[in-house]
Each structure stands twice: as structure tokens, then as C-alpha cells.
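So the chains spell out like this:
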Amino acid sequence: MSERLRVKALEKRFGDIVALEGVDLVVPAGQMVGFLGPNGAGKSTTMRSILGLLSVDAGSILWDGDPIGSDARRHIGYMPQERGLYQRMKVHEHVAYFGRLAGLDADIAASRADAWVERVGLSERRDALIQELSVGNQQRVQLAVSLVHEPSLLVLDEPFAGLDPVAVATMSEVMTEQVASGVAVVFSSHQLDLVQDLTNHVTIIAAGNTRATGTVAELRNSSPHRILAVQWQGDAPDWVPPGGAALPGRAGAFTVPADSDASMLIAMAAAAGTVASVSYEPPGLDDIFLELVG
Amino acid sequence: MSGRSQILEVARREVTVRARTKAFQVITALLLLIAIAIPVAIAVWPESDDLEEVDLGIVGADVDVDAIEEQLDALAVDRFDFSVVQLASDEVDAALIDDTVDVVVEPGPVLAWKDEVDPDLGFLVDSLLRQNSVIERGVEAGLAPEEVAGLLSPVEIGERFVEEPDEDVAVASALAFVSLMTAFAVPQVFGNLAMMSVVEEKASGVVEVLLSHIRPRTLLGGKILGIGFLAVCQVAIVLLGTLAALLLTADVDLPDSAWSFLPIFAVSVLGGLGIYLTLFALLGSLISRQEDAAQVMVPVFVPLMGGYFAGQIAAFGDADNLVSRILTFVPLTTPLLLPVRVARDAIAPWEIVVSLVLLLVAIVVLVRVAGRLYEFTLLHKGTRIGWGTAVKAMLRPDSVR
Ligand SMILES: Nc1ncnc2c1ncn2[C@@H]1O[C@H](COP(=O)(O)OP(=O)(O)OP(=O)(O)O)[C@@H](O)[C@H]1O
Ligand SMILES: [Mg+2]
């Protein structure tokens, strides 16, 4: 799989604020990458740098192996976190306008706009003004705008924020279709369950640094912790595994070092009380996330 | 897609989206209505208003009231409108006292007035009486009445002025004033539109999507082109309306200066739009919210107001005064003063050429500087950007981008 986009050691400061100090991100063609991180981590700043909306202080952005330029950027579809549409344009007109700006001939832009307006489920509102649409429907238009020129990289900044379940499903479907047709997709999100449903590949950043990157399974396995969860019959005994700590908010669950001997821990648990069920596994994505950024 | 076709796309969007707003349509229609109504009103009113109505009494048995009325109206041309009544000799005093008549011709002939003579009116009635007695005497001397009338037919007399007639000064001042108002109002109205259009894009995320496709200066260029085109259309519609109304209702003699005036006026409107739309758009890019518009607009109002006051003096007073002459060469005020001084025919050809060249140079420089500033200011979020920060950012070369 070819590497469509590679972001290397990106640095960016705004005056005294260090927004990025070492962000790495790889998005191969035909793959979807979840770009995760807490508020203020630098996700939007990274994305805006990819689009050339910001000048960065150091680092590089490569497109198919070469430094990215305005020609390559024409093949990016972008959905900014702060949504922006012309309130007084009509839905179809709006999508077609951005198609033409991206270089499509007028008639091709018009027919593509038709197709995308239908695909995002807005055919009935084709000639409505943007300002007459609900926020969620405006977001569908925003998606159509980012796709009308058939980009080979999609950069979506929190595409699911503010969407109802039906719109989330449409958005997910479209993203999956795009990946299947060879498009590289990177999206940011705070909804980790949604991310796991959509893709195996994630990059996690915090405080302007890439903390981890890989498949969800890899990240889980590379964690220095494991989760030991024990269900007792009757009252839980006052027991904590050696080197472990109780997980707040989950009764009977403990974090233990990854190099613990699982069978020994289970034997110790059984000695402390009557065990109904027991599990020993790597932490889930949300735990990993907290471990990495906390 | 080339930068040029993107500029046209941006321009076309500005035109279609703005032209279909109710506000734009209503304002254009209203302006057109006013532009047509004024010449029509001028044409309809003055004729009837200028004529002074006069009631003339005549004492005598067989008086042809209609014939005399006709004769008097012919003599009075466009000064008086006569209605003639026949009076008995004992009615004269009462009629004069209660103002039912202004003057009475009594046998003799004697002109009876109320308490004072109206010299113009007296002269006219006097002329009529003399004319009629000449005809009578001619007939007595054996001439046919038509022959006498022929002898009395008016002589054509020409006119020559050693100074410009007042009427031409009035027309020139009117032209100058209309051009001044246009040059003052149009850049403000459409400059505001340009500014709001920039703020609209900047306040929402739309600018980010735009700039992922096109360069800031392309966006700026398209916006100025589109809104400028709208402005030119509106001015043209209104002017053509006025012209048509004038030609259809009144026969206006345009002074000779009008022919050099029209092209200069057109160029000034274009130049004024070029320079002020760019400035307003740039100001719009310094702010992120419409509420901040008023405070950044101040620097643009200074030259506009200055040019307007100087233009007023040049339009109605001394068109050649020193301040007007200087401001004609300052690109920000050229569009206001140049057409005024041309309309007043108070400018040397070299002044026209030099001021237009300076204006053109200023626009080219401004558009280039604005294009660069725009790259920085457009994506800056949050607080208002000071000019200093903006200029510094412009001069600092970008690293990776
Ligand atoms: N234009 C700007 N001027 C000054 N500081 C900025 C600017 N843009 C971003 N920052 C700062 O850079 C840091 C990273 O912000 P960024 O928006 O990239 O975070 P994020 O990961 O997208 O957060 P969120 O999840 O809240 O969207 C923050 O500290 C932010 O305050
Ligand atoms: Mg963000």
C-alpha cells in the first residue's frame, strides 16, 4: 500500500504557545486513520498545516514521497472543524461552486454535485438555501463539498460532531466507500467506540507530540499494563493482585504489569475467594488513550 | 484550474448571490425610480409655474375677448398667462380693489391700476395698445390688415455673451455634483459589501475550504471584480435611466465640457471602486466579527469625507482652488475631484493625465500589497489584527509553506 501522506516531526508555535512539537502521521492510500488526542493536542493544527492553511516552523509534509505543494493539495478534500458554508447559497449551487473552484468543468461539477447531494441524502433540499438547513444537514453539505472534486486524500476534522445516528451512519458509509476505492482518509474524533468500529489504524497525539501509532491491537498489546477482571461469588474479598491497582469505576478490575504471570494471578485470586469468572487482557482503546495522554 | 478562471468563478458567485438579494434589487429599483422621477418632475412643473397669471379687464361694448387674449399671450411669450374679461365702467374700481383683475383698459385709452403700476405688465399692455392703434391707422391709410401685421412681425435678434452664461454654469455644477455624489456614495456602499463578504467568509470556516482550493489573492481579486461589476451595473442602470428621462422630457443643452466629462467620470468611478473596494476588503480581513467593522473603517472615511468637502467647493464655488488641485493628484481623492473639475471645465489636460496615471499606479501597488497582506490576515482568528502586525507578517518570509 503506497504512502499517500507522511507528516514528519512537525513543529508549530503561535507566539509563546507551542501547538505542535513533534507530530508524525502516516496515511497510506486505501486506508483510514483515526487521529486521536485530547482537546488542544494539536489535531486541527496538524490538519490545517497539511492543507497549507498554516506555515509550520519545522518538519516536513510529504505527498507520495515528495514535499507537498499546491498541485498535490488540489487532490485533498477537507472538512474543517469549524464548519463553513455560504448561508445564502443553495445546496446544489454550493457544492457545484466548490467543484468548479477545484478545477472541474461547469457541467461535470453540476452533475457531480447532483450525485453527491443525493448520496448524502439531501436531494429533496437540493434548491434550499443553506441557512434553511439544520446543523446536521449543513454538515452533510460540508461532506459533499469535500468530496465533489474526487480527492485522493480526505482530511476530516471531527466529522461526527453534532450528527444524529442516521447522519453518523451516512458519514461512516461514505468514508468506508472512499477507502474501498483507494482514497486515503484521516479523521479526528473524540468518539473512540466509533473510531474502533470504523478502523484499526490510529495515531494518538497529546501536547503536540505523537504518542503512539499503529493498529488498535498493536497498541493494546504494547501497553505496559494488562487488565485483570475478577467476578466473585458472594462478597468480594479485600484482595489486590501484587504490583496491581484497582481500576476506578470498575468493580473487581485491576491494572497489573504486562509481564505478570497470568495463571499465577488467577490462582492467587482463587485463593482469596470464590471466583465466578475471570478475564485477563490488554486494555481497551479508551484505557490506552488515557494511559498515553494522561 | 488557472488563477484567472478561478477569479472569474469567485466574481460570478459574488454577482449572482448579491444580485438576487431583495435588498440589492429594491435599492436598484428605487434609485432608478428617483433618477427618472427628477428630470420628469423638472420637465412637468416649471412651465406652468413660471407663468404669472394675469387678469385683464377691458371696458367697451364690442370687445373680442378671445382675440385680445391670444394677442397678449403671443406678446407675453413665457412671462404671463392672460385671461381677459369685459367690464362695465362702473365695475372697474370694485374689480381692482378686490383683486379680481390686475389692470383694466378704459376708453381713452387709460390703464387703471389698483395702487401701483406693474412695469412689465404695463409695458406689455402698452405694446398691445400701440400695436392695435398702428394697425387701425394703417387700415385708415388704406393698407390691408395683413400688410400691417406683416410690418409688425417680430425681428429675429441674436445673442452673444462675453462671459460664460449662468445657465451653463448651473448645468456644469449639477453634473459636477452628481458625479461627486456618485464618487462618494458608490465606493462606500459597495466597499461595505466587499467588507461584509470578507467577514462572512472569515467568521465561518468557509475560508479554510476556499483556501484549500485557491490562493488568497485570487479570492481577493475575484471579490473585487464581482462586486465592482455589480457597482458598475447599478451606476449604469441609474445613469442610463436619468439620461433617457432627460432626453424624453426636456431638451437639455449639454455644455461642451460634458463630452470630455463622461469618459473621465466613467474612469473615475472605476478607479474609485478599484482603490476603495480593495481597501475595504483588506479592512474586512483584519477583523473576525461584523461588530468590529465600524472601528476599522475610520481610516477610509477620512479621504472620502475630505474629498467630498473639497468637491462641494469645487462644484459650486471656485473650481480651481488650491486644495482641490492638490487633492486631484492624491489617488484616494482623485476619483472624487477629477470629474468635478472636468465638469466645471477648470482643469488642464496635463492634470487629468498625471492624476489618472497616479491613480492607476496606486491601484496596482495597493492590489499587490493587499494580496500579500490578505494571505496572513485572512486566516488569523480571534482578536482584531493591528496594521503593524499585519505588515510585519507580510514581510516575514514563510518557512515551509
Ligand atoms: N490561531 C491560533 N492562535 C493561537 N493559538 C492557537 C491557534 N490555533 C491553535 N492554537 C493553539 O494550539 C494548540 C492546539 O490547538 P488545536 O486546535 O490544534 O487542538 P485540537 O487537537 O484540534 O483540539 P480540539 O480537540 O479541542 O479541537 C492549542 O493550545 C490552541 O490553543
Ligand atoms: Mg480541533
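Everything discussed here concerns the structure shown above.
Residues numbered from 1 in each chain as written. Chains lettered and ligands numbered in written order. Predicted model: local features only at pLDDT ≥ 70, side-chain atom pairs only at ≥ 80, totals over all residues. Heavy atoms only, no water.

Novice: Help me understand the overall build of chain A in this model?
Specialist: Of the regular secondary structure elements, chain A holds 10 helices and 14 strands. By the burial criterion, 51% of the 294 residues in chain A qualify as buried. Accessible surface for chain A amounts to roughly 12700 Å². Of this, 49% is attributable to carbon and sulfur atoms. Here chain A contributes 22 positively and 35 negatively charged side chains, and the mean placements of these two sets differ by 7 Å. (Helix = DSSP H or I, 4+ residues; strand = E, 2+ residues; numbered from the N terminus. Buried < 20%, exposed > 50% of the residue type's maximum accessible area, 1.4 Å probe, protein only. Areas by Shrake-Rupley, 256 points an atom, 1.4 Å probe, with all protein chains shown as cover. Lys, Arg positive; Asp, Glu negative; His and termini not counted. Charge placed at Lys NZ, Arg CZ, Asp CG, Glu CD.)

Novice: Please explain the site of ligand 1 as it appears in this structure.
Specialist: Residues and elements named next belong to chain A. Around ligand 1 lies a shell of 14 residues, among which Gly-40, Gly-42, Lys-43, Ser-44 and Thr-45 are the nearest. The separation between an oxygen atom of ligand 1 and a polar side-chain atom of Ser-44 is 2.7 Å. Here ligand 1 has 630 Å² of accessible area as a free molecule, and 69% of this is covered by the chains. Those elements that provide at least two residues to the shell around ligand 1 are strand 2 (17-28) and helix 1 (43-50). In terms of residue count, helix 1 provides more of the shell around ligand 1 than any other element does, 3 residues in total. Looking at the shell around ligand 1 residue by residue, the classes come out as 5 nonpolar, 7 polar and 2 charged. (Near = heavy atom within 4 Å. Polar contact = N/O pair within 3.5 Å; in protein donor to acceptor, adjacent residues only side chain to side chain. Nonpolar A, V, L, I, M, F, W, Y, C, P; charged D, E, K, R; others polar.)

Novice: Looking at this model, I keep getting lost on the interface of chain B and chain A. Mind explaining?
Specialist: A common measure of how large an interface is: the accessible area buried when the components associate. At the junction of the two partners, chain B supplies 29 residues and chain A supplies 31 residues. Overall, the association of chain B and chain A removes approximately 2800 Å² of surface from exposure, summing both partners, and the carbon and sulfur fraction of that is 55%. Residue Arg20(B) pairs with Glu93(A) through a salt bridge whose shortest N-O separation is 2.8 Å. Taken together, the connections running from chain B to chain A amount to 8 residue pairs in polar contact (both at pLDDT 80 or more). Listing elements by their share of the side of chain B that touches chain A, those giving two or more residues are helix 1 (3-19), helix 8 (166-203) and helix 9 (206-211) of chain B. (Contact = heavy atoms within 4.5 Å. Buried area = accessible area lost by both parts, 1.4 Å probe. Salt bridge = Lys/Arg side-chain N within 4 Å of Asp/Glu carboxyl O.)

Novice: Before we go on, may I ask you to explain the packing of helix 13 (residues 322-329) of chain B against helix 15 (residues 349-377) of chain B in this structure?
Specialist: The relative placement of two packed helices is expressed as an angle between their axes plus a distance between the axes. All names here are of chain B. Interhelical geometry of helix 13 versus helix 15 gives an angle of 45 degrees and a closest axis separation of 8 Å. Judged on the interaxial angle alone, helix 15 and helix 13 are oblique. Here Arg-325, Thr-328 and Phe-329 of helix 13 lie close against helix 15, whose contacting residues are Trp-350, Glu-351, Val-354, Ser-355 and Leu-358. (Axes fitted to C-alpha atoms, helices over the stretch in contact; angles between N-to-C directions. Parallel < 35°, antiparallel > 145°, perpendicular 65-115°, else oblique.)

Novice: Got a minute to help me understand the environment of Ala110(A) in this structure?
Specialist: Tracing the sequence through the fold places Ala110(A) in helix 4 (residues 106-119). Separated by 36 residues in the primary sequence, Ala110(A) and Arg74(A) place their C-alpha atoms 19 Å from one another.

Novice: Looking at this model, I keep getting lost on the coordination of the magnesium ion (ligand 2). Mind explaining?
Specialist: The expected angle between donors at a tetrahedral four-coordinate metal is 109.5 degrees. At an octahedral six-coordinate metal it is 90 or 180 degrees. Residue and element names in this part refer to chain A. For the magnesium ion (ligand 2), the protein coordination sphere consists of Ser-44 (OG) and Gln-81 (OE1), at 1.9 to 2.1 Å. Of this pair, Ser-44 sits in helix 1 while Gln-81 sits in the loop between strand 6 (76-79) and helix 3 (91-101), and the two are 37 residues apart along the sequence. With relative accessibility at 39%, the residue Gln-81 sits in the partly exposed group. (Donors = N, O, S within 2.8 Å, 3.2 Å for Na, K, Ca; no water.)

Novice: For this particular structure, what's the right way to read the packing of helix 6 (residues 119-140) of chain B against helix 7 (residues 145-152) of chain B?
Specialist: All names here are of chain B. One can describe the packing of helix 6 onto helix 7 by two numbers: an axis separation of 9 Å at closest approach and a directional angle of 135 degrees. Considering the angle they form, helix 6 stands oblique to helix 7. Of the two possible hands of crossing, helix 6 and helix 7 adopt the one that is right-handed. Judged by residue contacts, Gln-131, Val-134, Ile-135, Gly-138 and Val-139 of helix 6 engage Pro-145, Val-148 and Leu-152 from helix 7. Grouping the amino acids of the contact of helix 6 with helix 7 by side-chain chemistry returns 6 nonpolar, 2 polar and no charged. (Left-handed = near helix turned anticlockwise from the far one by under 90°.)

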